[in-house]
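Analysis of the macromolecular model
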Amino acid sequence: MTVYTASCTAPVNIATLKYWGKRDKSLNLPTNSSISVTLSQKDLRTLTTASTSSEFTEDKLWLNGKLESLESPRTKACLQDLRKLRAQVESSNAELPKLSTYKLHIVSENNFPTAAGLASSAAGFAALVSSIAKLYKLPEDMSELSKIARKGSGSACRSLFGGFVAWEMGELTNGEDSKAVEVAPLSHWPTLKAAILVVSDDKKDTPSTSGMQLTVGTSDLFQHRIKEVVPARFEEMKKSIIAKDFEKFGELTMKDSNSFHAVCLDSYPPIFYLNDTSKKIIKLIHKLNELEGKIIAAYTFDAGPNAVIYYDEVNESKVLGLLHNYFSKLGGWESKDLTKLTKVEIEGTDDEIYKGVSRIILTSIGEGPQETNEILTI
Ligand SMILES: Nc1ncnc2c1ncn2[C@@H]1O[C@H](COP(=O)(O)OP(=O)(O)OP(=O)(O)O)[C@@H](O)[C@H]1O
Ligand SMILES: C[C@@](O)(CCOP(=O)(O)OP(=O)(O)O)CC(=O)O
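All values derive from a computational prediction rather than experimental measurement.

Next up on the list: the site of ligand 2. The environment of ligand 2 is formed by 18 residues, the closest being Y19, K22, S153, S155 and T209. Between ligand 2 and the protein, one listed contact pairs an oxygen atom with a side-chain N or O atom of R158 at 2.8 Å. Considered on its own, ligand 2 offers 460 Å² of accessible surface; in the complex 93% of this is hidden by protein. Top contributing element to the shell around ligand 2 by residue count: helix 4 (residues 208-218), with 3 residues. Split into classes, the residues belonging to the shell around ligand 2 amount to 6 nonpolar, 7 polar and 5 charged. Each of two domains, domain 1 (4-187) and domain 2 (192-364), supplies a minimum of three residues to the shell around ligand 2.

Below is the structure:
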């Protein structure tokens, strides 16, 4: 039997201007535009192999070795759109095999915890769409493919690009203008780094989708956020990225994380994603910036207590010097030359803060999806 196969890896992205709120739940159309940084696939990535054959009898997905249901309307929507694009390619060349009519087998592995607020759905759907697009030999228009990934999970659309990415919310009801675009490639600011403090890798408390629906339906503050705060911040943040102005970029990033968690708290009943350890980390970063007299590190938190701290390589000795001082007992420091760090002490910090964190992932800005010869089999 002939089996056609393609594999791709895709990255995680962590928003610096948060997507929170949907105007259309089934198409994942957001109430505001957002911006993110794509992280390096050396540390966090999804690898997906897509295969198809006229003899496969069912669409199937194996995630981390386990057969998963493909019944979710989100995954179905992605497969349907990809098949439609393949059918267009086939209609212009009668010699091509009719892959659009065959069933698919998809095997995928995340090298980090699934559904723990580490954006597994983003890397997961970006890898699913990229690998099937390769298999189907679709035109490489990443913004076009981002609209398909968006239907899988909103934030996934941003994982189709490397570097700095914007998701333009769009206006149309069919979502055709709600897509990801590149703000700047990795090469524009390759010295941007990220330290992830994994506060918890449990499955999260309130899933993003239901959390968003609750916020949209009950928070008054949310209206102010989407009408006034985010539109202005979207333009300012893009400018700060183009100018490689870390101080501005960092300030906007921290403010937007706080604004997102504020609308969560303003939901009724309230949603709490930050825990005491998250709050201690927030204070630590503000105190570091105060000590330095300028912003050299910026925190951001998604729908969970894990902290992502962005900084520029020029300040690595101080930022990691601070983190190593308080979190040296955790795994994750192996890649760093510790003699290059400057010990930074913040008065009044709980010496046992490390007990609330399970590990640290030291990573950096990275590339978008990549085709690979690595093949996953079941
Ligand atoms: N490699 C993958 N391939 C296909 N689907 C995946 C993959 N990885 C994760 N998913 C889907 O994403 C779901 C997890 O998404 P969820 O939004 O709950 O968590 P998260 O992405 O880690 O958190 P967040 O997006 O809020 O940061 C999984 O249950 C699965 O359906
Ligand atoms: C807080 C966030 O991480 C929310 C991400 O939400 P998802 O993209 O996971 O939600 P769905 O569209 O329902 O799948 C902010 C962000 O990534 O912009």
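A separate point is the packing of helix 7 (residues 276-292) against helix 8 (residues 316-327). Taken N-terminus to C-terminus, the directions of helix 7 and helix 8 make an angle of 140°; their axes are 11 Å apart at the nearest point. Between helix 7 and helix 8, the crossing angle belongs to the class labelled oblique. In terms of crossing hand, the pair formed by helix 7 and helix 8 is right-handed. Note on element contacts: helix 8 touches helix 7 through K318, V319, L322, Y326 and F327, opposite I281, L284, I285, L288 and E292. Taken together, the residues that form the contact of helix 7 with helix 8 break down as 8 nonpolar, no polar and 2 charged.

Strand order across the open sheet formed by 4 strands is 13-14-12-15, with antiparallel pairing between neighbours. In this open sheet, the two edge strands, each paired with only one partner strand, are strand 13 (297-301) and strand 15 (359-364). Each neighbouring strand pair of the sheet contributes to a mean axis angle of 20°, computed without reference to strand direction. Inspection of the sheet shows strand 13 paired to strand 14 (residues 307-312) by 5 bridges, in the antiparallel sense. Bridging across to strand 14, F301 finds its partner in A307. Where helix 7 meets the sheet, it contacts strand 12 (192-198), strand 13 and strand 14, and its direction lies at approximately 160° from that of strand 13. Against the sheet, helix 8 touches strand 12, strand 13, strand 14 and strand 15, its axis set at about 150° to strand 14.

To continue, consider the packing of helix 1 (residues 73-91) against helix 2 (residues 120-135). Running from N to C, helix 1 and helix 2 point in directions that differ by 25°, and their axes come no closer than 10 Å. If you check the angle between helix 1 and helix 2, you find them roughly parallel. Crossing of helix 1 against helix 2: the hand is right-handed. Side by side, helix 1 and helix 2 meet where T75, C78, L79 and L82 of the first sit next to F125, L128, V129, I132 and A133 of the second. Broken down by class, the residue content of the contact of helix 1 with helix 2 amounts to 8 nonpolar, 1 polar and no charged.

So, on to the domain arrangement of the protein. Taken domain by domain, the protein holds domain 1 (4-187) and domain 2 (192-364). The gap between the C-alpha centroids of domain 1 and domain 2 is 26 Å. Between domain 1 and domain 2, the residue contacts involve 32 residues of the former and 45 residues of the latter. Between domain 1 and domain 2, the buried area comes to about 3,300 Å², and carbon and sulfur atoms account for 71% of it. The largest per-residue losses of area from domain 1 upon contact with domain 2 belong to T16, K18 and W20, which jointly make up 26% of the total buried on that side. On inspection of domain 1 and its partner domain 2, the count reaches 1 salt bridge. Across the pair D302 and K18 runs a salt bridge, and its minimum N-O distance is 2.6 Å. Counting across the interface, domain 1 meets domain 2 through 9 residue pairs in polar contact (both at pLDDT 80 or more). When residues of the side of domain 1 that touches domain 2 are traced back to their parent elements, those giving at least two are strand 2 (13-17), strand 5 (34-38), strand 10 (164-168) and strand 11 (179-184).

Cut-offs applied
The residue count restarts for each chain, going from 1 along the sequence in the order it is written. Chain letters and ligand numbers both follow the written order, the letters beginning at A and the numbers at 1. The model is predicted, so local features are restricted to residues of pLDDT at least 70 and side-chain atom pairs to those at 80 or more, both for listing and for counting; the totals for chains, interfaces and linings are taken over all residues. Note that the side-chain values use all heavy atoms of the structure and ignore hydrogens as well as water. Whether a residue is near a molecule or strand depends on its heavy atoms: if one lies within 4 Å, it is near. Throughout this description, a polar contact denotes any pair of N or O atoms lying within 3.5 Å of each other; where both atoms belong to protein, one of them has to be capable of donating a hydrogen while the other can accept it, and for residues adjacent in sequence the pair is counted only when both atoms sit in side chains. To measure how exposed things are, a 1.4 Å probe is used in the Shrake-Rupley method; for residues, cover is taken only from the protein chains shown. Comment: elements are numbered from the N terminus, with helices defined as DSSP H or I runs of at least four residues and strands as E runs of at least two. Gly counts as polar in this scheme, as do all residues outside two lists: the nonpolar Ala, Val, Leu, Ile, Met, Phe, Trp, Tyr, Cys and Pro, and the charged Asp, Glu, Lys and Arg. All the domain ranges listed were derived from an automatic or database domain assignment. To define axes, lines are fitted to C-alpha atoms, for helices over the stretch in contact only, and angles between the resulting N-to-C directions are given on a 0 to 180 degree scale. These descriptions rest on fixed angle ranges, namely under 35 degrees for roughly parallel, over 145 for roughly antiparallel, 65 to 115 for roughly perpendicular, and the rest for oblique. In this scheme, a crossing is called left-handed if the near helix is turned counterclockwise away from the far one by less than a right angle; it is called right-handed if the turn is clockwise. We call two residues in contact whenever any of their non-hydrogen atoms come within 4.5 Å of each other. DSSP calls a pair of strands paired once it identifies at least 2 bridges connecting them. Summed over both partners, buried area is the accessible surface (1.4 Å probe) that two parts give up on being assembled. Within this document, salt bridges are pairs made up of a side-chain nitrogen of Lys or Arg and a carboxyl oxygen of Asp or Glu, the two lying within 4 Å of each other.

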